[in-house]
Amino acid sequence: MNKLSSAGPGLIEGLSCVEASMIGTYAYIFGTDKGTLLWAVIVPFLLWPLIEASASLLGEGTRMNFLEIIKKKYGDGLAALAALSLLASNLSAMVAELIAASLALSMLSGFPWPVFVPISLSVLFLGPSASGKHWKLIVLMGSLPMLAFPATALLAILRNPISLGLVGSGVFRVNGIFSGSDVIAIIGATVAPDAIFFAEESGYEEKTSFLGVGIGHVVALLVSLSVAITFALSFAGVPPSSLVGIAGALTPTLGNYAYLIFPVALFSSCVAAFAVALKPWLSSLSFLTGLPRSRREEFLPATVVLVMGTSLYLGLMESWRARAFEQAAYTSGVISSIGLIAPLILLSALVFNAKNKKNLPLSLKVFLPLYSLLLVGIVFSGLLSIII
C-alpha cells in the first residue's frame, strides 16, 4: 500500500503533462502533418526517467541544487549558461500557461481572453499555496478528463482501421529529422529542462519514489502519444485555430460536454505546470543574483509583471486572437528544446565524473550520456536545417 501511495505523485505528473505547450504545439503540428512525426513524441520518453532519476540521485547525494553543483565542478560560466537556459525556457512556458488558462476561462464565459489575464495570473501564482497540501489532489481531479484523449484515439482507430497504418508509419519511420523547428518544438513541448532542475531539487527535499517516476512516465507517454494521434486523425491537415476546435476533437467520447470539460481540465493542468516552472525560475534568479534561496520569493513581484507583460504583448501582436496561444505554445516548445542542450550535457558530465560512480547503476553510467547525446543531436539537426 505504501508503494502505491508513493506512486501517486507520478500519476499526477503523468496526467498533468498534457498542458498548454503540448496541447498548442501538438494541435498545430499534428493537425497539419497528419502524424508523420509521431516518433518525435516517443523519443524523449524512451529513457527520460533515467535523466530524472540521475538528477534526483545527484541532489540526494550532494544536498545541493543543480546550479550550485555545476558552479562547484565547472565554474561560474557554465553555471550561468545553465541558469539562463532554464530562465528562457521557463519564461516561455509560464507565458504559454497564462494565455492558455485565460483562453480556457474565455471559452467557458464567452468574454475576451485578455480580460481574464489578471484572474488567471492570480490563480496560477497563488493556487498551490492557497490550497496547501491538497493542491496536488485538486490538480489530479481536474486533469482526469485528459484521459479522454487515449479513449478518443482508440475509438478513432477502431472506427477507421486504415488509420492504424498512418500511426504505425509515424511511430516507426523516423523521418523528418531535418524538418526544421517542428521536431524541436515537439521535443520541447514533451520534455523540458525544468523537469531536470525540479527532480534534482526534489532529490534532497524529499525522498524519491522511482515507482512514482516510472508510473508517471508510462502514463505521460500514453496520454501524450494519444493526444498527437487524436489531433492527427481529427483535423485532416487543417489545424484548429482556437480551443473550441481542439475541444471538438474530444466530442466522439465526451459529446458536447467536451466544450465544458476540456477547458476545465486545461486550466487545471496549467496550474500544475506553472507551479513546476515557477520554482526553478525563482531558484535560478536567486543563483544569478547571489540572493539566498530562502529569499527567492522576493522575485515574485517582478516575475508577475514580466509574465503578464509578455503575455499581453504577444496578444497585442496577434490582435488579441486565439492564435496568440498557438504562437506562445510553439515558441515555448522550441525554446525549451534548445534549453535542454546545456543541462543535459552538464548532467551527463556530472554523472560520468561522479566520485561515487561505482555505486551508480550501470544504466545511468552508460545510457544517460548516450541518450543525452541522442536528444542533443536531434535538436542540433533541427537547428541546422533551419540555418541551412
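Residues numbered from 1 in each chain as written. Predicted model: local features only at pLDDT ≥ 70, side-chain atom pairs only at ≥ 80, totals over all residues. Heavy atoms only, no water.

*Asks:* Looking at this structure, how should I read the overall build of the chain?
*Replies:* Broken down by element type, the chain carries 21 helices and zero strands. Burial analysis of the chain (388 residues in total) assigns 53% to the buried set. If you take every contact in the chain between residues at least 6 apart in sequence, the share linking residues at least 24 apart comes to 83%. (Helix = DSSP H or I, 4+ residues; strand = E, 2+ residues; numbered from the N terminus. Buried < 20%, exposed > 50% of the residue type's maximum accessible area, 1.4 Å probe, protein only. Contact = heavy atoms within 4.5 Å.)

*Asks:* Can you help me understand the pattern of salt bridges in this one?
*Replies:* Side-chain pairs of opposite charge can arise whenever the charged atoms involved come near each other. Summed over the entire model, instances satisfying the criterion amount to two salt bridges. Among the ionic pairs, Lys71 bridges to Asp76, the shortest N-O distance being 3.9 Å. Given the relative accessible area of 41%, Lys71 is considered partly exposed. For the salt bridge of Glu298 with Arg295, the shortest nitrogen-to-oxygen distance reads 2.7 Å. (Salt bridge = Lys/Arg side-chain N within 4 Å of Asp/Glu carboxyl O.)

*Asks:* Just checking my understanding: could you explain a nonpolar patch on the surface for this structure?
*Replies:* On the surface, Tyr313, Leu316, Met317 and Trp320 cluster together into a nonpolar patch covering about 440 Å² of accessible area. Note that Met317 resides in helix α18 (residues 300–317). (Patch = residues over 30% accessible without salt bridge, like charges linked within 9 Å, V, L, I, M, F, W, Y side chains within 5 Å. Areas by Shrake-Rupley, 256 points an atom, 1.4 Å probe, with all protein chains shown as cover.)

*Asks:* Can you walk me through empty space enclosed by the protein in this structure?
*Replies:* Scanning all chains against the criterion turns up one cavity of 30 Å³ or more. If you add up the space inside the largest cavity, you get close to 80 Å³. Of all the elements, helix α3 (residues 20–33) adds the most residues to the lining of the largest cavity, at three residues. In terms of residue class, the lining of the largest cavity is made up of seven nonpolar, three polar and one charged. (1 Å grid on protein atoms, 1.4 Å probe; cavity = no way out; pocket = protein on both sides within 12 Å on 5 of 7 lines; lining within 4 Å. Points joined across faces, edges and corners; volume = space filled by probe spheres on them. Nonpolar A, V, L, I, M, F, W, Y, C, P; charged D, E, K, R; others polar.)

*Asks:* Quick question: what am I supposed to make of α3 here?
*Replies:* Side chains of residues three or four places apart in an α-helix project in the same direction, reflecting 3.6 residues per turn. With 14 residues, α3 should reach 20 Å at 1.5 Å per residue; the first-to-last C-alpha distance of 20 Å fits that figure. Taken across its 14 residues, α3 has 12 buried, putting it largely inside the fold. Of all the residues in α3, the buried ones are Ala20, Ser21, Met22, Ile23, Gly24, Thr25, Tyr26, Ala27, Ile29, Phe30, Gly31 and Asp33. (Expected span 1.5 Å × (residues − 1).)

*Asks:* Would you mind going over the environment of Val334 with me for this structure?
*Replies:* Relative to the helices and strands, Val334 is located in helix α19 (residues 323–339). Taking the relative accessible area as the measure of exposure, Val334 reaches 17% and is therefore buried. It is 7.8 Å that separates the C-alpha atoms of Val334 and Ala189, two residues lying 145 residues apart in sequence. In contact with Val334, not counting residues within four places along its chain, are Ser181, Ile184 and Ala185.

*Asks:* Which parts of the structure should I look at to understand the packing of helix α12 (residues 181–190) against α19?
*Replies:* Each pair of packed helices can be summarised by the angle the axes make with each other and by the distance between the axes. Look at α12 against α19: their axes get within 7 Å of each other, and the N-to-C directions meet at 85°. Compared by their axis directions, α12 and α19 come out roughly perpendicular. Facing Ser181, Asp182, Ile184, Ala185, Ile187, Gly188 and Ala189 of α12, the residues of α19 in contact are Tyr330, Gly333, Val334, Ser336 and Ser337. Its residues assigned to classes, the contact of α12 with α19 comprises six nonpolar, five polar and one charged. (Axes fitted to C-alpha atoms, helices over the stretch in contact; angles between N-to-C directions. Parallel < 35°, antiparallel > 145°, perpendicular 65-115°, else oblique.)

*Asks:* How should the packing of aromatic side chains be read in this particular structure?
*Replies:* By convention here, two paired aromatic rings are described through the distance between centres and the angle between planes. A full pass over the atoms with the stated rule returns four aromatic pairs. Between the aromatic rings of Tyr26 and Phe30, the centroid separation amounts to 5.3 Å while the plane-to-plane angle is 85°, which identifies the pairing as edge-to-face. With Tyr26 and Phe30 both in helix α3, this residue pair falls four residues apart, about one helical turn. When sorted by exposure, Tyr26 lands in the same class as Phe30, which is buried. For the ring pair Phe149 and Phe231, a centre distance of 5.8 Å and an interplane angle of 85° mean the geometry is edge-to-face. Taken together, the residues span a long stretch of sequence, with Phe149 in helix α10 (residues 148–159) and Phe231 in helix α14 (residues 210–234) at a distance of 82 residues. This pair shows no difference in class: Phe149 is buried, exactly as Phe231 is. (Phe/Tyr/Trp six-rings, centres within 6.5 Å; stacked < 30°, edge-to-face > 60°.)

*Asks:* Even after reading the chapter, I still don't get the confidence of the model for the chain, so can you show me in this structure?
*Replies:* Any residue range with low pLDDT should be treated as having predicted coordinates unsuitable for detailed reading. In this model, the chain carries an average pLDDT of 78, and 77% of its residues clear a pLDDT of 70 or more. Here helix α1 (residues 2–6) stands out as the element of the chain with the lowest mean pLDDT, 49, in contrast to helix α7 (residues 76–109), whose mean of 91 is the highest. (pLDDT = per-residue confidence, 0-100.)

*Asks:* Would you take a moment to explain the side chain of Ser120 for this structure?
*Replies:* Along the polypeptide, Ser120 turns up in helix α8 (residues 117–131). Excluding residues that lie within four positions of it along the chain, Ser120 makes contacts with Leu98, Ala101, Ser102, Leu105 and Phe267.

*Asks:* Would you mind showing me how to read α18 here?
*Replies:* For α18, built from 18 residues, the straight-helix expectation of 26 Å at 1.5 Å per residue is met to within 8% by its first-to-last C-alpha distance of 26 Å. Directly beyond the C-terminal end of α18, a positive phi value near 55° is found at Ser319.

*Asks:* Please clarify how the packing of α3 against α12 should be interpreted in this entry.
*Replies:* Interaxial distance between α3 and α12 falls to 9 Å at its minimum, and their mutual angle equals 150°. Relative to α12, the element α3 lies roughly antiparallel. Classified by chirality, the crossing of α12 by α3 is left-handed. Here Ser21, Met22, Thr25, Tyr26, Ile29 and Phe30 of α3 come into contact with α12, specifically with Asp182, Ala185, Ile186, Ala189 and Thr190. (Left-handed = near helix turned anticlockwise from the far one by under 90°.)

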